[in-house]
Amino acid sequence: MTHSALQPVRKQDLQIGVPLSYPIYDGQHQLLLREGQIIQNEKQLAQICEQGLFRNPLWQAAPSKPRPAPSLNPSSIIPQEVIEAPAKPVRNARHLAQVKLQPNATLHVQSLGDPLKPKASVKLIGWLEKSGVLISTLNAQGAILPFREGESLKVKAIAGKDVVSFQGLVEKVCFTPFPYLHLSWPDKLEIHQLRNSFRVNSNLIVSISAEGLNQTPAKITNLSATGAMLEGAKLKLEAEQKLNIAMRLPAAGEDHTMIISGKVRNCHIDPPAITAQYGVEFDPLGPSARLVIEHYIFNCLLEE
């Protein structure tokens with residue numbers, strides 16, 4: 001096999017939990033994963049994608065007797081903490097009627113065929129089981145989005161406590177009585193359930209106060225409904241120290257200012273940058289604060 005025989009592989013061509021039907025190589029044409037290996041979770045998939053994805057289009061699996069598991073150890077290419085990280089809880093539903101997705105719900109739509117097209121937010125009009133899904137083509141500013149017939153779209157939405165995603169083919173672009181798309185019926189939905197411990201990366205600027213510490217700016221680098229990771233060169237905190245975090249989060253189209261109390265659970269200082277990092281556990285949140293944080297986390301998931 002020559003290097004020229006390799007062709008790029010799209011991230012969406014790889015499925016989590018499904019044995020690979022062909023070997024995967026990196027950008028330097030080194031073997032990453034053998035045929036038959038399984039990608040365990042989203043973090044592992046993201047780590048693999050960073051190295052480049054290629055396959056040999058001439059390669060075909062020869063029919064053979066069941067063989068033992070491949071000997072390649074993924075830990076040689078992927079950090080062990082990524083391999084051992086638990087996968088996001090995923091379950092499948094037969095169709096849209098099985099989830100709490102209602103007409104007029106906000107959908108986040110991205111073109112799979114044209115990566116240069118930005119993600120957009122539109123409204124769900126409705127669906128007819130086994131026939132198709134109707135979505136608006138007007139974005140939040142009222143402009144008509146330039147989707148084409150035959151284009152494949154990735155759709156994500158919040159449904160109750162779940163993030164629902166599916167793929168659909170644009171079967172018809174319509175302009176009367178209003179602009180909308182007729183998408184093909186999704187045979188499979190992916191449903192990611194939000195857990196209290198689920199964390200999303202962030203870049204939130206907040207203000208920290210504690211005993212002996214005046215208002216000090218810091219940054220939240222990841223956030224969950226139960227805690228956060230703080231980072232700041234000027235922070236001087238200790239394990240088990242109580243503190244207050246003043247933050248402003250966008251939710252439901254508005255900015256919400258809140259003060260959350262918590263306790264420092266662990267400390268770490270990165271010597272090259274002399275930047276202190278602190279793992280903080282929140283005190284039990286009230287209903288309104290929890291709702292705002294969960295809404296923020298949901299939207300971070302939709303933007304992935």
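Scroll up to find the structure.
What this report covers is the structure whose coordinates are included nearby. All residue numbers refer to position in the chain's written sequence, counted from 1. Reporting in this predicted model follows two pLDDT cut-offs: at least 70 for local features of residues, and 80 or more for side-chain atom pairs to be given and counted; totals over whole chains, interfaces and linings ignore these cut-offs and use all residues. Just so you know, side-chain values use all the structure's heavy atoms and leave hydrogens and water out.

1. Quick look at the pattern of salt bridges
Argument step 1. Only one rule defines a salt bridge in this text: a Lys or Arg side-chain nitrogen within 4 Å of an Asp or Glu carboxyl oxygen. The full count for this structure, using the stated rule, is five salt bridges.
Argument step 2. The closest approach of N and O atoms between lysine 219 and glutamate 231, which form a salt bridge, is 3.8 Å. In this pair, lysine 219 sits in strand β14 (residues 213-223) while glutamate 231 sits in strand β15 (residues 227-232), placing the two residues 12 residues apart along the sequence.
Argument step 3. Exposure classes here rest on a 1.4 Å probe applied to the protein chains alone. A residue is buried below 20% of its type maximum, exposed above 50%, and partly exposed in between. Residue classification places lysine 219 among the partly exposed positions, given a relative accessible area of 25%. For helices the rule is a DSSP run of H or I covering at least 4 residues; for strands it is a run of E covering at least 2, with both sets numbered from the N terminus onward.

2. A short note on the pairing of strand β13 (residues 200-210)
Argument step 1. In terms of burial, β13 is largely enclosed, as eight of its 11 residues are buried.
Argument step 2. In this analysis, strands are considered paired if DSSP registers two or more bridges between them. Both β13 and β14 contribute to a ladder of eight bridges, which runs antiparallel. Considered in β14, the bridge of alanine 210 is made with leucine 213.
Argument step 3. Between β13 and β14, which follow one another and run antiparallel, lie two residues, and glycine 212 among them has a positive phi close to 80°.

3. Regarding the environment of glutamate 240
Argument step 1. Along the chain, glutamate 240 falls in the loop between β15 and β16 (242-251).
Argument step 2. Between the alpha carbons of glutamate 240 and valine 264 there is a distance of 4.9 Å; along the sequence they are 24 residues apart.
Argument step 3. Glutamate 240 has contacts with Lys263, Val264 and Arg265, leaving out every residue within four places of it along the chain. Any two residues having at least one pair of non-hydrogen atoms within 4.5 Å are treated as being in contact.

4. So, unusual backbone geometry
Peptide bonds are, in most cases, trans, and in most cases residues other than glycine have a negative phi.
Argument step 1. The amide bond that connects threonine 176 to the next residue, proline 177, takes the cis arrangement and shows omega of 0°.
Argument step 2. Although it is not a glycine, asparagine 104 sits at a positive phi angle of roughly 80°.
Argument step 3. In this fold, asparagine 104 is placed in the loop between β5 (90-93) and β6 (106-111).
Argument step 4. At glutamate 240, a position not held by glycine, the phi torsion is positive, near 75°.

5. Re the nonpolar core
Argument step 1. Side-chain atoms within 4.5 Å are what join buried Ala, Val, Leu, Ile, Met, Phe, Trp, Tyr and Cys residues into a set we call a nonpolar core. Counting residues in hydrophobic clusters, the biggest one holds 35 residues, and the most contacted among them are Leu230 and Ile245.
Argument step 2. Among the elements of the structure, β13, β14, β15, β16, β17 (254-270), β18 (275-282) and α3 (287-303) are those that each provide at least two residues to this core.
Argument step 3. Broken down by element, this core gets its largest block of residues, eight residues, from α3.
Argument step 4. With near-sequence residues (within four places) excluded, leucine 230 lies in contact with Val206, Ile208, Lys219, Ile220, Leu235, Leu243, Ile245, Ala276, Gln277, Tyr278 and Val280.
Argument step 5. Counting 26 residues, the second largest nonpolar core, distinct from the first, contains Leu107, Val122, Ile135 and Ala157.

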